[in-house]
Every structure is written in C-alpha cells, then in structure tokens.
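Here is what each chain is made of, one letter per residue.
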There are 2 protein chains.
Amino acid sequence: MDFSKLWLDYRKLADTRRRVIISCDHSLKDSAAFEELQIAMASMVPDAIVVWRSEVFDDDSYLIVLTIHPELAEEEYDIAASANITEICAGSETGLLYGVFAFLRQTALAGKFYSFTAHSKPSQPIRMLNHWDEADGDIERGYSGKSFFFINEELEINERTVMYARLMASIGINGVVINNVNVRRKAKLLLSIEFAESLANLGELFARYGIKLFICPDFAAPKTLCGLDTADPLDENVIEWWNTTCALVFGKIKNLGGFLVKADSEGEPGPMAYGRTHADGANMLARAIKPYGGIVIWRCFVYNCTQDWRDKKTDRACASYDNFIGLDGQFDDNVYLQAKNGPVDFQIREPVHPLFGAMKNTNMIIEFQLAQEYTGQQKHVCWLIPMIKEIMEHHTCHDLPDDRVNRIVCGVAAVANTGDSYCWTGSELAAANLYGYGRLLFDENLTCDELAEEWTRLTFGDDEKVTAAVKEILLGSKQAYEDYTVPLGIGWMCHPNDHYGPSPWGYEFDRWGTYNRADRDAVGVDRSASGSGYSEQYAPALAEVYGDISKCPDELLLFFHRVPYTQRLHSGKTVIQHIYDTHFEGYAKAEHFAELWQGLKGRIDDRTFKNGCERFAEQLRCAKEWRDIINCFFHRLSGIDDENGREIY
Amino acid sequence: MDFSKLWLDYRKLADTRRRVIISCDHSLKDSAAFEELQIAMASMVPDAIVVWRSEVFDDDSYLIVLTIHPELAEEEYDIAASANITEICAGSETGLLYGVFAFLRQTALAGKFYSFTAHSKPSQPIRMLNHWDEADGDIERGYSGKSFFFINEELEINERTVMYARLMASIGINGVVINNVNVRRKAKLLLSIEFAESLANLGELFARYGIKLFICPDFAAPKTLCGLDTADPLDENVIEWWNTTCALVFGKIKNLGGFLVKADSEGEPGPMAYGRTHADGANMLARAIKPYGGIVIWRCFVYNCTQDWRDKKTDRACASYDNFIGLDGQFDDNVYLQAKNGPVDFQIREPVHPLFGAMKNTNMIIEFQLAQEYTGQQKHVCWLIPMIKEIMEHHTCHDLPDDRVNRIVCGVAAVANTGDSYCWTGSELAAANLYGYGRLLFDENLTCDELAEEWTRLTFGDDEKVTAAVKEILLGSKQAYEDYTVPLGIGWMCHPNDHYGPSPWGYEFDRWGTYNRADRDAVGVDRSASGSGYSEQYAPALAEVYGDISKCPDELLLFFHRVPYTQRLHSGKTVIQHIYDTHFEGYAKAEHFAELWQGLKGRIDDRTFKNGCERFAEQLRCAKEWRDIINCFFHRLSGIDDENGREIY
C-alpha cells in the first residue's frame, strides 16, 4: 500500500533532546492524540525516546502535558507552548486531538519547539466531506483514481483508512459521507446486514478521530431492499420499515451520524413520486433516526433535468429556491438542508445560492466541491479556497443580525477530491484544496495567504523558492482558470458529460437547462425581473444590484443579463474585448505557473515534480484550447476583431 | 434462438399440386440449391411431397430440373420456367443456388408457378459484406444488438449462421468479412490455433453457399502473436512469419478468401511506422497468401485523425487520395484497394471518392455502409439504395472506355447492418438496405422502384396498401433524412463519438478534420483550387464543375465552397432559405412516413408494427431536434429570418 503522508509527513526538528515526555491521565494513553504525538515525535525528534509520564524532567527532556478541561467545549482547545514544555487542554479527546495537531503544525512550521499560545474552537460546527464513491470502487467525478473505501465491492479498513482519518482530523473534518449521493448498484445494500459489520468498524475508527460516519441511503430502500410496493414517506409500512431498519443499523453502527439524501433529483427516487414534499420525506427519515441522535442532510439540488432547450421561460437557476422556499419552517430540527454554493452546479463563477438567508427557519449547510469537476479536474491547478472564503463571507443582505453566509449556515460540506492515487488527490497541488478547506472551516479568520503558506511549507518544507513559487501558483490559480475558461459568469461552456475542456455550445441544445443563448448580436441570459426573475430570489438590496445591468458586478454580468458584445463593463472594456483579454491573460498566467513549477526541479521530490510537470503540460494544452476556442466562438459570432490584433483562429 | 426469416419466409402459393419433383444429378442432391428448394416447397406447396427424380410426371406434379452447364460462368444461371416445369442451369453449384433463389423469388412474387425466363450473371464479381463484429460480441457501430458470429468470445456456428448464409446467398453476397477492421482484444488471436477449427467450420458452411470467408488480421501480429520486435513488412523474420502462418491458416481453413486490412489509420498498426509504404505492407501479405488463391483488401481510409482545428490548410478530404495516388501500379495483382464511397466517412452526402478512375492500374473496391452510423442508426428509416445506385452509376469523367464507377471497380463491399436482434437489422425496414444492396450488385439494371417493390412484397406479402406505403417510405426516406439533417453537403453536424442527433459544432474544435467553419457571414469549406485544392483531385471535367461555385451542384455546394448565407443556389433560393425550407420539409416527410406506417396496423404482424412505431416515434423526436437545432444554429449565426415566418427557436 503506497500513499503519501501529505501534510503529516513530520520532518526532523532542530532539536537534540533525548527524551520527550507525554504526561496525561492513564485514560488518554490510548487516545489518538497521544498516538499522534508518538508518531510525530518519532519523526521530529528521532534521537529521543518518547515516554509516558516520568519522574525525570531535565534539560534533555521535552514535556507535553495533555488534559481534558470540561469547561471547554468539546472541540475547543488551549495550547501554552514553550521551548521546554507544552500544555494542551481541551474539552474532549477530540478537542485534544485538534490541539495536538495544532501544536504539531506550529512546531513543524517553526522547525523547533518554541513559545506560543493558541486558543481555538471551530468556526463551523459541522465540517463535512462528501465522498462520491461507488460501492464497486468507482468514484463519480473522481479524478484521483479509485475508491480507497470500497475495494472489490467491500468496505475495507486498512492502514490507508487510518491515515485518512488522521489527515481529516488534522484539518478538523468531523463528518464524512463515504458513498455517492447517487445510490447505485451495491450501495443500495448499505443499510443491509451485508455492510453492518464493516460500517461499524469504520465508524469506530472514525470515532477515534472525532469523525462521524454518514452514509447515503437509497430513499427507495423499502422497495429495493424490503420488497414493499411503495417508498411513500407517509405510508405506514414504509415508516415502520425505516424505524425498524434504523433501530438495527444505528444499534450496530455506534458512530453513525445519519444520512445524506439526494431525492427527486436527476433520476434519484424521492417523495415527490408519491405526491409528498421534500419535508415529508426528510422528516420521515429524521424521525426514524432521531432516537439515536442522527441527523438527515437533504440536498437542495433539485431541478428539471429534462428541459426542452426551446423553452426560454424555465430557468434552472430558479429551481432550487422555488422547490424549497415554501417549505421553510417545515423541517424537523434534526434535518439540515444542503444547498450548493451557487444556484446551478459548481461552476467557476456563480452568484451565491439564494436560499442562504432566505430560509430563516431551517438548518442550512453549504456545499462546495473540492473535486474539480468543472474547474480542471485536478489536472489544472485551481486553488478554490479564495472562492470558498469569499462565498462564506458574502453578505446576503437579508434582515439578520449577521447576514453573512458563514453566520447563516450550521455547517459546511464539500465533495471530496480524494482517491487511491499515491498523493490522494491525483495532483499534489490539489491537496491544498482539501487542506485549506478543513482549516478554513475551523478557523475562518485565516487568510488565503496564511493557508497557502501553511500548506506549502508543511508539504514541501522550508525552501523559500519553493514556498514562493507554490504560493504564487496557488493564489493566482483560480482567477487564471476563470480567465481562460468561462467568461463573465456565463457558465457551462465545457464538454458535455465529462465536463472537461471547452465546448461553448456543448450544452446549448441539450436537456440540462444550461444555456448561454449566444448569437451574432448578444450573449447571456436575462435573469432580471424582466427575464426569468431569478434575481428577485435575493434580498431586495442584492436583487437591485443583480437585476440592474448598470449595477451588476462584471464577473456575473452574463449570468444575470443578456447584453450585446459591445456592452461596456464597469472596467471600461467591452464585453467582447474583455473576453479576448481575459482569455489571453489567463493562458499567459497558466504558462507562468508552469514555468514557476519548472524552476523547482531538484528542490522538491522527483515524483511530485514529474507529476506536476505532466499536469502543467496538460493544463497548458487544455488552457490553449479554452483560450482559442472561446475566442474563436465569440469572434465567429460577433465578427469583432481583437483591439490588440492577437490571433483569433 | 429466435430470429425472423426476412425475405426468405416462403409463403403458400396458389397451387394444389401434390408432388414437386426435383430432377438433378445425384451429386447435386446434397447441394444448398437442392436443400433450398426442399425448404421452400415445403412452405410454398405445403400439401405436396417433394421428391428427387421420379418416373411419374403427371398433372399433379411440378418438375424442377437442375443442371450444371460448364459453358456458363460460375455464378451465371439460366431459368426457363413454366406453369409445370422449370429448368435451372448454371455454371456451378453456386450459380445453381443463385438460379434457385431467383426462381423462388419470382415464383413467390407471382404467388404461383408461372412462365418466365431469366438469364443472369452478377454485375460485380466481388460482392462483400464487412462485419465490424468484435470477438467479444460487441459490434462497432452496430445498431442491431450483439454479434451472432462471436458469442462468449468464441466463433459459433448454429442455425442462425445457416440462416445468415442462406440470406446472403439469396441476394448474391459472395464474400464476408466476419470481424471488425479495428482488430482489438481477442480478435488478435484469429490467426492463432485458437480459432482455426471454428473458422474452418464456418468457412465450410459459407462455401456451401458460395461465400468466401475473410478475416481482418492484426497487421502487428508478428509482434502481438509471435513476439518479434517488429512488424516491418520488409523484415525477413516478419515475412517468414507471415508465410509460415498463412500456410498453416489457409491449410486449415479451406474456404478462406483472404484478408481485409485497415492499416495506419485511426491508431491501427501499419507499414508506415517502419517507413514503408502501403504497397510494401499490402504486397507482403498478398505474397504470403497468393499460393492459396487469397486476396488482400487494403483500405484507403487513411488520414490524420489528430489534426489541430486551427490548421485551416490541412483538408481531411484530400488525405485518402494523397496517400494512395502515388502508389498506383505498385500493388500486386491479388491486392485490392478498398475506398469508401466518398472522401470522408459515410456522410449522407459526399462527392464520390476521387480515387475511382484515378487509380488506373490498381484493383479497386468501393465501400458503402449499410450500418446507418451517420444516417439514423437504424432508428430512422433511411433506404440507402438510391444513393448507392447513383454513386455506382456516377461518371468519373476520367479518360476510360467506360468512366462510371461500376465499370471501374472490381467489386463492392458494405459495412453490414446486422446483429442478433430478432429481425437481424434492429428495424425491419433496415433489412431493405441489406436486400437492395446485394440485389443491386448482382443486377445493376434493377431500378430502385423494383428493388423496393421486391423487398416489400417478399417481406410483407401482397397487401397493396402495405406495398404502396412501405415503398413510399423507402423511396423517400434518404432524401428526407438528408433534408432534416445536414444541409448542402457540409457534413459532420452530428454528436461526436456516437454520431447520432444534431450537434452543429460538435466536431468544430476537435481533432478529426471535419469542420464547417460557420460564422456570422458564411459557411462551408473552400476545397476549390484556391482553397484546399481538393476539387483538383478529380478528372478535369469534374474538377471544373466542383471547383466553380457557379457550376457546383447545390447538394455539394458547402462541401466544396465557402459562401455567404445569402448566396443563391441553382434552385433560386438563398443558402439560408434552403436550409430552413429543407429542414421544415424533411421533418414533414418524416411525419408523413410515420403516418403511413400507422395506417398499416393490422395489416402487418404486430411485432413488426410495434417495433416500427417505436422507431418512427424516435425518428420524429430526433428529426425535430435536427430541424430545430440546425435552423436555430444558422439563425443565430446569420440573423436572417425565415421568409415564411415559421418558428425558429
């Protein structure tokens, strides 16, 4: 089993002490926190022995004291570190583990034991990863190999699973959904006895690392598993089946946190087939698992995926809000609605989902996608953390004590970007998304610069040239990707199905409700009050901005408005010139990133360097396609030449 | 095993005789001709006994006399039929079989024994089907289910194979390639001992029906099968390996006719990898099989399939001619070059391939595609016989005694449209392509009307309403398909990969060399002397026509020229109005065909009727997409409204 340790590859400190003493209650000796310290110290101070308590404490010793303080919250910790002694207190074993990871991170970054204090508790209470792993080992929209959870149609627990749990705990992830929201084939058996033991074992491992285990059940399970002729959530037999099944499942799988459900969406079963509402469906499940402390996370990604492209009235962007806004207040308190960050589907640029702030009496979770489905599929470097941070800090303008998304949601989820590739995420650089995501949810005050620096140095060490280059790549990568791909928020100019590479009209005459309506005169979709009315789903102050061409931010102009190519942006450029300029610039940025990477030869390990070179080559190839095809597309339509005379094919 | 008998479903004649006497040499008693008569008479005159020779010949008897006449050519036959006696003479058992099938066809169409004479020999000496069956049972571009040759990775011979051989012989097919020209996976073992016995058996069955068996070998077999490090056709070890292997293979498989080879094309191996020519490759194989009377059929479908769409100079249409014209006269006499009917790839409208008539010292075979890859995939009815007939009768204008394609080629091949579906061809109506193809090669003087009538009545019986409706559908179907799909010869407006349904720019920015270059002002590719020069590949008289916008036939205008949307056609319409009109008309034709079919309820068997209804429903759905998407595409680009005010979305 061959996999990297990512940011947990503890490097030797500048320290010559011969003893590290870990002092804690006997009960903590078996904790993950204690174990992690042992692992870390063995690498960081390899000449030292690590002992539990000791009478001897001298100049040759480093002392680490671990204590549980009940007055702290479960996930909260306090660190007081010095060059000789560190004390870590926390509200629970999980908090202690978080504290240990924080201590190790700080120490690793410093390269030595040193004096600092830290006090932290998570900014977000729910910090989840959604894996879209299939029980047969494939990963939907997976760009990092096969599943490491499901191998040969069985749920496996092995050293990689343990490493995974350590990695997730180190960045503060506290909930993991291990299977795809599209519940297919053998995953339909996850509620059955077949998976009970392996799920129980995985749950136990996760519990040790403060992670709740979640699964996506088959909403139609009463039919597919039990043979009932209905899955109607108000049917007595259905309710009884779920009650009985959940009693068995939660009885067996002690650390099961609950369910994530994609219902009535893209062909998945749901309550609407029986004339019931999403609330009926979610509450029925929520009641079945309430006795065991479980929660139901119910996705808001619901729309008509068989739209006729001729239909210019139906607007997919409106669908999620329209489907759920009328249900506000109807969900049980252990139901959480999970809405994607934008109204459509993880495009590089969308407005923030209008349900945030509008659903005033419903638990909301926001969902991001670390798997780079529409953002380069982990071949292109595209560090999403600036986007996530921007969205989390976005003001919804709703009448609330704090109208920001991060104060509105009860939690955050992200589609994972991991697989069984050596470096977990296909590209080593893509791991920065995973790292930054977890860290940002734990501490929302971290800046993008700090997160990029932390990850880069923990991953690649302290070579300043490496740090500078990798940080520059990371920090500029998202904007570069946006520049050379889809202009001004229009979205969906990718190849259908695989969502990779440019195909400006690939979705234009299809059933997915994602159109740019570009013609020889204009481009974009009128979603203002005079168009589909989507802009009216926002709080009045935002609706006014988005709904007005003159106020709408440039980067969302074509999402909200249909405009001629000669329309002036706030930037002063015309739409068409903006398109040309950003596409040339975006490609130039990608070229620059590739050059920066080339400069790291010999400064990072060969394997990583080589993998990066291959991926940058592919990024450049593909970015060139994006640049030239998008420019060609709009040039053919508009007939307007580039002001700067650059070649448009 | 459940399959229809297609046009060999012999129906009862208006005849009450009690005896059918077949008189022939003892040696013919086991022939396929004799057996076919027995099978047919048992159905056509079910109250009669069928006997071999007889002393008794009275009013209650029908006498059929079969004789071999060595002065006739092998495949030539003579029939002298009356109400009481029929004499069928032929140059060989195969000729006799053809005569028997002709007699049975005429008798079936008449519904009784009657007086007629016939003398026939095939218009084309080589009449082949190319099956693109994979050894694992899939069929590339197959729209009729799985392979019936290869089942569970083995070559099977069963009652369906026998029926297949009878069907093919009944339409005069005398050569069958059983595996795909792309030689993949287990098909690479076709030259090995593993398939020797089953190929020998299949060859024996085919021989009984006058059909030579062909296979597509792996050109790289010296590497893949034998472990040599080269497949260089001039390498001594390679030559020796082929010589030895062919001696073994042809020794075992008595009825093996030879090889069909796709080399140096779309990733298939070939001689060019070793700096050798197509002639080097083909001749090497030809010499290895010459002692056994074998022939090598070498495909001319060679082009750069990794073209950069930015490259406006390279023209795929030129590639096949450019690759082969310099090799004219260099091929051995048992090598046949097989060129597709057009220069690109089986589009609904292409000019005739420029190699025909230009390769004056090379055996040429023309290749059609009955599998409706680009012509509706056997969901749309698209009877290709009018197109095949038109191409075969096309004047190449080369300086030849007879400049028509049918006098230039030594044979004809077609990609088969069969599979293991009940009706063999997915759609019952698609079988009319198979039937018409074989019949037309045998007798080029048959009109499309006659072929449609023959097939319809043999398939559906003598209901005049059925005959009229089905004939109308068949005869109009190809033009309707052309009308509602791709205008004026431009081609390639289908979905990439699966080649079904409209995607007007689906290939525009791809690597396949198939571009329409449509922009807001103009559409089409300049292939005249001032463009890619493709038109110059034709004989001067044709080059002048194709190369001149004012002379180029309307239906090929956009293949040869780039013109503004307002360009006037010979028809007097503008290009854009022609596009709108044909798309509305083509769809209306498809609607009319579906209505005609609906009118046949109760007049044809339910299974066929229902299958037809489903396929017509799909044809209408898809034709509507074609109509509206192509019209919308050109409307968005041109900005020109339909003169008749019809809705363009």
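Residues numbered from 1 in each chain as written. Chains lettered and ligands numbered in written order. Predicted model: local features only at pLDDT ≥ 70, side-chain atom pairs only at ≥ 80, totals over all residues. Heavy atoms only, no water.

Named according to an unreviewed UniProt entry, chain A is Alpha-glucuronidase originating from Ruminococcus albus.

Enquirer: Lay out the overall build of chain A in plain terms, naming residues and giving numbers.
Expert: When helices and strands are counted, chain A shows 17 helices and 18 strands. For 649 residues, the compact-globule estimate of 2.2 N^0.38 gives 26 Å, and chain A sits close to it at 25 Å. Across its three principal axes, chain A shows a C-alpha extent of roughly 80 × 65 × 50 Å. Residue burial in chain A is summarised as follows: out of 649 residues, 64% are buried. Entry remark: accessible area of chain A is about 23100 Å², with carbon and sulfur atoms responsible for 48%. Averaged over its 65 positive side-chain charges, chain A has a centre that lies 2 Å from the centre of its 96 negative ones. (Helix = DSSP H or I, 4+ residues; strand = E, 2+ residues; numbered from the N terminus. Rg over C-alpha atoms; globule rule 2.2 N^0.38 Å. Buried < 20%, exposed > 50% of the residue type's maximum accessible area, 1.4 Å probe, protein only. Areas by Shrake-Rupley, 256 points an atom, 1.4 Å probe, with all protein chains shown as cover. Lys, Arg positive; Asp, Glu negative; His and termini not counted. Charge placed at Lys NZ, Arg CZ, Asp CG, Glu CD.)

Enquirer: Describe the sheet that holds strand β11 (residues 212-215) of chain A, listing the residues and the values that go with them.
Expert: Residue and element names in this part refer to chain A. Spatially, β7-β10-β11-β12-β13-β14-β15-β16 is the arrangement adopted by the 8 strands of the closed barrel, whose pairing is parallel. Between one strand axis and the next, the sheet turns through 25 degrees on average, direction left out of account. By the bridge criterion, 5 bridges tie strand β15 (residues 363-369) to strand β16 (residues 411-415) in an arrangement that is parallel. Among the inter-strand pairings, I366 is bridged to a residue of β16, identified as V412. Sitting on the sheet, helix α4 (residues 193-208) touches β10 (175-177) and β11, and the angle it makes with β11 is about 145 degrees. Along the sheet face, helix α11 (residues 431-442) touches β7 (126-130), β15 and β16 and points at about 160 degrees away from the line of β7. (Pairing = 2+ DSSP bridges. Axes fitted to C-alpha atoms, helices over the stretch in contact; angles between N-to-C directions. Contact = heavy atoms within 4.5 Å.)

Enquirer: Provide a residue-level description of the UniProt feature "domain: Glycosyl hydrolase family 67 catalytic" (unreviewed entry) in chain A, including the pertinent values.
Expert: Taking the numbering used here, the UniProt-annotated feature "domain: Glycosyl hydrolase family 67 catalytic" (unreviewed entry) corresponds to residues 116-424 of chain A. Span residues 116-424 of chain A is 27% helix and 16% strand, its end C-alpha atoms 32 Å apart. (UniProt positions renumbered as here; feature names shortened; annotations may be inferred.)

Enquirer: Quick rundown of the domain arrangement of chain A? Include the residues and the values.
Expert: It is common to report an interface's size as the accessible area lost on association of the parts. Residue and element names in this part refer to chain A. What the domain assignment lists for chain A is domain 1 (6-120), domain 2 (126-305 + 313-442) and domain 3 (450-525 + 562-649). On the domain 3 side, the residues contacting the 5 residues of domain 1 number 7 residues. Counting the surface lost from both domain 1 and domain 3, the interface buries some 700 Å², and carbon and sulfur atoms represent 57% of this. On the domain 1 side of the interface with domain 3, the three residues burying the most area are W7, R11 and L109, jointly 72% of the side's total. (Domains from an automatic or database assignment. Buried area = accessible area lost by both parts, 1.4 Å probe.)

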